[in-house]
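Each chain, letter by letter, is given below.
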Amino acid sequence: MEEGRVQTFDELIDEIVKNKEAIESLLRLINALQKTGILPFLIGVIEKLDENLEFLSEQETLKNLSVIYGVLSGKNEVGEIKFSDIFKELQDPDVRRGIFLVLKILKAIGSANKESRP
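Residues numbered from 1 in each chain as written. Predicted model: local features only at pLDDT ≥ 70, side-chain atom pairs only at ≥ 80, totals over all residues. Heavy atoms only, no water.

**Student:** Looking at this structure, how should I read the overall build of the protein chain?
**Tutor:** Counting its secondary structure elements, the protein chain contains seven helices and zero strands. Each helix and strand of the protein chain, placed in order from N terminus to C terminus, yields the pattern α-α-α-α-α-α-α. A total of 118 residues make up the protein chain; the buried ones form 8% of that total. With an accessible surface of roughly 10,500 Å², the protein chain has 61% of that area assigned to carbon and sulfur atoms. (Helix = DSSP H or I, 4+ residues; strand = E, 2+ residues; numbered from the N terminus. Buried < 20%, exposed > 50% of the residue type's maximum accessible area, 1.4 Å probe, protein only. Areas by Shrake-Rupley, 256 points an atom, 1.4 Å probe, with all protein chains shown as cover.)

Below you can see the structure in the form of structure tokens.
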């Protein structure tokens, strides 16, 4: 199919038939994303992409994601933590910003999930 070319209805039908398996796979993917609530979340993220990118860039997100990945993947181990250690960490502005970021992400997920329900 050539880009920028006006197609007749018959040509469009022929393209759909030729790509039947790919279209069916795409529809299954969209259906699964909708059922799990991921699709509404992604739509919400994309609809507010400028706002989200601005917020994320302010937080040096790539650096932070690298640290998060290190902890979650087990590369950076976290030892035993006491409640007093947690309260001390809450005094750190970076920790408070991180908590705020997580809360904004959770709010976006919850909002997207609410909008996807009948």
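Now that the structure is up, let's keep going.
**Student:** What is the right way to read the pattern of salt bridges from this model?
**Tutor:** A side chain of one charge can pair with a side chain of the opposite charge if their charged atoms are brought near each other. Applying the stated criterion to the full structure yields three salt bridges. The partner of Lys 20 in a salt bridge is Glu 24, with the nearest N and O atoms 3.7 Å apart. Of this pair, Lys 20 and Glu 24 are both found in helix H2 (residues 20-36), four residues apart, which corresponds to roughly one turn of the helix. Residue class for Glu 24 comes out partly exposed when judged on its relative accessible area of 36%. The partner of Asp 94 in a salt bridge is Arg 97, with the nearest N and O atoms 2.2 Å apart. With Asp 94 and Arg 97 both in helix H7 (residues 93-116), this residue pair falls three residues apart, about one helical turn. (Salt bridge = Lys/Arg side-chain N within 4 Å of Asp/Glu carboxyl O.)

**Student:** Any chance you could explain a nonpolar patch on the surface here in plain terms?
**Tutor:** Residues Ile 81, Phe 83, Ile 86, Phe 87, Leu 90, Ile 99, Val 102, Leu 103, Ile 105, Leu 106 and Ile 109 make up a contiguous nonpolar surface patch of about 1,000 Å² in total accessible area. At the level of elements, helix H6 (83-89) and H7 are the ones that each hand at least two residues to the nonpolar patch. A per-element tally of the nonpolar patch places H7 first, with six residues. Within the element layout of this structure, Phe 87 appears in helix H6. (Patch = residues over 30% accessible without salt bridge, like charges linked within 9 Å, V, L, I, M, F, W, Y side chains within 5 Å.)

**Student:** Whenever I open this one, a positive patch on the surface confuses me. Can you help?
**Tutor:** Side chains of Lys 48, Lys 104, Lys 107 and Lys 114 sit close together on the surface and give a patch of like positive charge. Following the sequence through the fold, Lys 104 ends up in helix H7. Among the residues examined, Lys 104 registers a relative accessible area of 39% and is labelled partly exposed. (Lys, Arg positive; Asp, Glu negative; His and termini not counted. Charge placed at Lys NZ, Arg CZ, Asp CG, Glu CD.)

**Student:** Got a minute to help me understand the environment of Lys 114 in this structure?
**Tutor:** Checked against the element boundaries, Lys 114 lands in helix H7. Distance in space between the C-alpha atoms of Lys 114 and Gly 37 is 9.1 Å, their sequence separation being 77 residues.

**Student:** Looking at this structure, how should I read the packing of H2 against helix H3 (residues 38-47)?
**Tutor:** Geometry of a packed helix pair, given as the angle between the helix axes and the separation of the axes. Direction vectors running N to C along H2 and H3 enclose 90°, while the axes themselves pass 4 Å from each other. On the basis of their axis angle, the class for H2 and H3 is roughly perpendicular. Along the contact surface, H2 presents Ile 30, Leu 33, Gln 34 and Thr 36, while H3 presents Ile 38, Leu 39 and Pro 40. Split by residue class, the contact of H2 with H3 holds five nonpolar, two polar and no charged. (Axes fitted to C-alpha atoms, helices over the stretch in contact; angles between N-to-C directions. Parallel < 35°, antiparallel > 145°, perpendicular 65-115°, else oblique. Contact = heavy atoms within 4.5 Å. Nonpolar A, V, L, I, M, F, W, Y, C, P; charged D, E, K, R; others polar.)

Keep in mind these values describe shape, not function.
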